[in-house]
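Descriptive analysis of the structure
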Amino acid sequence: SIEPSDFSRAVLVMAPKRTASPSREARKAKVPRKAPLDPVEKAVKHVMRAIRNCDAEDTEKALLLEIAPTALRTLVDDRHPCVSQVLGRVQQLLTEYASDAAEHARKVESLLADAHNARVLAAKALQTVEIQRIVNQSIVARFMEARQQMRDRLEGRSVELKARLRQVGQHFVHQTSGEFLTCCMVEQPEAADLHPNLSESLNLYKQASERFADLETLGSILIENVKTADRLVDSCKAFYAVAEADCIECRECFQRCVPRRDKLDSVMRHLNFLIRRQEKPGVDESKDGVR
C-alpha cells in the first residue's frame, strides 16, 4: 500500500518542471532597453520647440532653427563670439516670449476673478428679485381675498339698499347706481324721511363703493409690481447666464494659459542649463539634468 505522504512525494517527483513559454521569452526579447537620456539633447529639443512656436519674423526664425541647435550644443569654452551672439538672441527672444505668456496669464487670471465676482453678484441679484417676486405674489393673493370680501360686502349693501328703496319705491326710480340715488336724495330730500334707515343705507353703500374703488387702484399697483418683478427676474437670469458663460470662457482660457506659462518656464531652465554648460555630460549625468 502507498501511504499519502509517499504518494505526494511521488507526484512531486513525477511532475514536470514549469518552464517559461517561448512566447513570453520572445516578448521579453523584443522589448528594447531604453538608452540613458541625454540631458543636452533633451534641453535642445525643448528649446528648439519653443523657438518654433515663438513670435518672431519668419526670416529670423528660419535662421535660428538652422543654426541654434549647433550653438546650443557648444560648450562655454568652445564658443565663438558668433555662437555667443546666437545664444544671446535666443535667450532674448525666449525671455520676451515667456514674459508675454506670463503677462497674458495674469490678465486672464484677473479677468477670471472679475467674471467670478460678476457671477456671484448676478446670483445674489437673481435671488433677491426672486424673493421679492414671491413676496409680491403673496401680497397680491392676500389682496385678492380682501377684494373678494369687499365685493361681497358691497353686494350685501346693494341688496340692503334695494330692499329699502322698494319700501319707498314711489319716490325713486328703481336704480342701483349710488350716484343716481344721491342725486335723488338731493332733489327730493323729503323722501329720506319716509324711511328712517334709507340715509344710513345710502352712506354705507357709498363707503363700500369707495373702499372697493380704492382696492381696485391698489390692486392695479400690486399687479404691476408683480409684472415688474417678473421682468427683473428675467433680466437677472439673462445677466447671470452671460456672467456664467464669461466665467466658463475665462476659466478655459486660464487653463490653457497656465500650462503654456509653466512650459515656457521649463524651457528657460533648459536654456540656462545649455548656456552655462561647461563640460560634456557623462552617462550618469542624466540624473542631474533639468526637467
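Residues numbered from 1 in each chain as written. Predicted model: local features only at pLDDT ≥ 70, side-chain atom pairs only at ≥ 80, totals over all residues. Heavy atoms only, no water.

A short note on the overall build of the protein
- What the protein contains, in helices and strands, is seven helices and zero strands.
- Secondary structure of the protein in N-to-C order comes out as α-α-α-α-α-α-α.
- Going through the 291 residues of the protein one by one, you find that 29% of them count as buried.
- Sequence separation of at least 24 residues holds for 78% of the intrachain contacts in the protein that already meet a minimum separation of 6.
- For the protein, the computed accessible surface area is about 20100 Å², with 54% contributed by carbon and sulfur atoms. (Helix = DSSP H or I, 4+ residues; strand = E, 2+ residues; numbered from the N terminus. Buried < 20%, exposed > 50% of the residue type's maximum accessible area, 1.4 Å probe, protein only. Contact = heavy atoms within 4.5 Å. Areas by Shrake-Rupley, 256 points an atom, 1.4 Å probe, with all protein chains shown as cover.)

Describing the confidence of the model for the protein
- Considering every residue of the protein, the mean pLDDT works out to 75; 70% of them sit at 70 or more.
- Note that pLDDT drops below 50 for residues 1-15; the model gives that stretch one contact with residues more than four away or on any other chain.
- Here residues 283-291 is modelled with pLDDT under 50, and outside its nearest four sequence neighbours on either side it reaches 13 contacts, counting other chains as well. (pLDDT = per-residue confidence, 0-100.)

Some thoughts on helix 3 (residues 39-53)
- Relative to the 21 Å expected for 15 residues at 1.5 Å per residue, helix 3 spans 21 Å between its end C-alpha atoms, a close match to the ideal helical length.
- By the burial criterion, the buried members of helix 3 are Pro39, Val40, Ala43, Val44, Val47, Met48, Ala50 and Ile51. Burial along helix 3 is one-sided: seen end-on, the buried residues are contained in an arc of 160°.
- The opening residue of helix 3 is aspartate 38, an N-cap whose side-chain oxygen sits 3.1 Å from the backbone nitrogen of valine 40. (Expected span 1.5 Å × (residues − 1). Arc of directions from axis to C-beta. Polar contact = N/O pair within 3.5 Å; in protein donor to acceptor, adjacent residues only side chain to side chain.)

Looking at the nonpolar core
- Counting residues in hydrophobic clusters, the biggest one holds 28 residues, and the most contacted among them are Val47, Ile51, Leu72, Val90, Leu94, Leu271 and Leu274.
- Secondary-structure elements contributing two or more residues to this core are helix 3, helix 4 (58-72), helix 5 (81-167) and helix 7 (198-276).
- Element by element, the count of residues in this core is highest for helix 5, at nine residues.
- When sequence neighbours within four positions are dropped, the list of residues in contact with leucine 94 reads Val47, Ala50, Ile51, Val267, Met268 and Leu271.
- Residues Val140, Met150, Ala208 and Phe212 belong to the second largest nonpolar core, which totals 12 residues. (Core = buried A, V, L, I, M, F, W, Y, C linked by side-chain atoms within 4.5 Å.)

Some points on the environment of glutamine 132
- Within the secondary structure, glutamine 132 is located in helix 5.
- For glutamine 132 and leucine 232, which are 100 residues apart along the polypeptide, the C-alpha to C-alpha distance reads 9.8 Å.

Some words on helix 4
- Here helix 4 contains 15 residues, and its C-alpha end-to-end distance of 20 Å stays within 8% of the 21 Å for a straight helix at 1.5 Å per residue.
- The sharpest bend along helix 4 comes to roughly 40°, located at glutamate 66, with the proline proline 69 sitting one to four residues further on.
- The complete set of buried residues in helix 4 reads Lys61, Leu64, Ala68, Pro69, Ala71 and Leu72. (Bend = angle between axes of the 7 residues up to and from the residue.)

Some words on a positive patch on the surface
- Together, Lys45, Arg49, Arg52 and Lys263 make up a positively charged patch on the protein surface.
- It is helix 3 that provides the largest number of residues to the positive patch, a total of three residues.
- Mapped onto the elements of the fold, lysine 45 is located in helix 3. (Patch = residues over 30% accessible without salt bridge, like charges linked within 9 Å, V, L, I, M, F, W, Y side chains within 5 Å. Salt bridge = Lys/Arg side-chain N within 4 Å of Asp/Glu carboxyl O. Lys, Arg positive; Asp, Glu negative; His and termini not counted. Charge placed at Lys NZ, Arg CZ, Asp CG, Glu CD.)

Focus on the pattern of salt bridges
- Here the structure, examined in full by the defined rule, presents seven salt bridges.
- With a shortest N-O distance of 2.9 Å, arginine 73 and glutamate 41 are connected by a salt bridge. Placement of the pair is arginine 73 in the loop between helix 4 and helix 5 and glutamate 41 in helix 3, with a sequence separation of 32 residues.
- A residue is classified by how much of its surface remains accessible, and arginine 73, at 37% relative accessible area, is partly exposed.
- On the basis of relative accessibility, which here comes to 36%, the residue glutamate 41 falls in the partly exposed class.
- The residue arginine 89 makes a salt bridge to glutamate 60 at a minimum N-O spacing of 2.3 Å. Taken together, the residues arginine 89 in helix 5 and glutamate 60 in helix 4 connect sequence positions 29 residues apart.

Observations concerning the side chain of arginine 119
- Here arginine 119 shows up in helix 5.
- Within polar-contact distance, the side chain of arginine 119 engages the side chain of glutamate 244 at 3.2 Å.
- Not counting residues within four places of it along the chain, the set of residues in contact with arginine 119 comprises Tyr240, Ala243, Glu244, Cys247 and Arg251.

Focus on the state of the cysteines
- Inspection of every chain in the model, using the stated rule, returns zero disulfides.
- Cysteine 257 takes part in no disulfide bond, and the closest cysteine sulfur to it belongs to cysteine 253, at a distance of 4.1 Å.
- Under the relative-accessibility criterion, cysteine 257 is labelled buried at 7%. (Disulfide = S-S within 2.5 Å.)

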